[in-house]
Amino acid sequence: MLRLIIGIAAGYVLGSKAGRARYEQISASARAVAGSPVTRKLVMVSRQRLSDRLSTRPKLEPMEPLDERTTVMVPQDQLRRR
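Since the structure is predicted, the reported quantities are computational estimates derived from the model, not experimental observations.

We now examine the overall build of the protein. Each helix and strand counted, the protein has 3 helices and 2 strands in total. Element order for the protein, N to C, with α for helix and β for strand: α-α-α-β-β. Burial status across the protein gives 7% buried among its 82 residues. For the protein, the computed accessible surface area is about 8000 Å², with 57% contributed by carbon and sulfur atoms.

A separate point is the environment of M63. With respect to the helices and strands, the residue M63 is situated in the loop between strand 1 (60-62) and strand 2 (73-75). C-alpha separation for the pair M63 and V74, spaced 11 residues apart in sequence, amounts to 7.1 Å.

Right, let's get into helix 3 (residues 37-54). The end-to-end C-alpha separation of helix 3 is 26 Å, in line with the 26 Å expected for 18 residues at 1.5 Å each. You can read the cap of helix 3 off the contacts: a side-chain oxygen lies 3.2 Å from the backbone nitrogen of V38, and it is on S36.

On the surface, a cluster of nonpolar side chains totalling about 480 Å² of accessible area is made up of M1, L4, I5 and I8. Relative to the elements of secondary structure, L4 occurs in helix 1 (residues 2-15).

Further remarks concern the confidence of the model for the protein. On average, residues of the protein score 80 in pLDDT, and 87% of them reach the 70 mark or higher. When mean pLDDT is compared element by element in the protein, helix 3 scores highest at 90, while strand 1 scores lowest at 70.

Reading the values: rules and limits
Here the residue numbers are simple positions, counted from 1 along each chain's written sequence. Note on the predicted model: pLDDT of at least 70 is required for a residue's local features to be given, and 80 or more for side-chain atom pairs to be given and counted; whole-chain, interface and lining totals, by contrast, use all residues. Side-chain numbers come from the whole structure's heavy atoms, not from hydrogens or water. The way it works is that DSSP assigns letters per residue, a run of H or I at least four long becomes a helix, a run of E at least two long becomes a strand, and they are numbered from the N terminus. The buried label applies to any residue whose accessible area, calculated with a 1.4 Å probe on protein chains only, is under 20% of its type's maximum; exposed applies above 50%, and partly exposed to all values in between. With residues, only the protein chains shown are counted as cover, and all accessible areas are computed by Shrake-Rupley using a 1.4 Å probe. The span you would expect from a helix comes to 1.5 Å times its residue count less one. Here a polar contact is taken to be a pair of N or O atoms separated by no more than 3.5 Å, where protein atoms must pair a possible hydrogen donor with a possible acceptor and residues adjacent in sequence count only if both atoms sit in side chains. Two distance rules govern patches: like charges are joined within 9 Å, and nonpolar side chains (Val, Leu, Ile, Met, Phe, Trp, Tyr) within 5 Å, applied only to residues with over 30% relative accessible area and no salt bridge. The salt bridge criterion pairs a side-chain nitrogen of Lys or Arg with a carboxyl oxygen of Asp or Glu, the two atoms within 4 Å. For every residue, the predictor reports its confidence as pLDDT, a number between 0 and 100.

Structure representation (structure tokens):
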């Protein structure tokens, strides 16, 4: 989806007859959006969610601790529920 938006914006900029002023306005807007902390946070969260969904590693759940410093982790599907 992001590639599509970038492609459309690039096509508009390259094919535009509006001139240099419009190009500068569009590129300044694009830089502002890309450099925004909100945009960066959304991209980071989206990447993490996608990574979590595509991960083949089983999610681990803690079992009863062996002592105060040692906890055994097992995959969720192998955890025996009481």
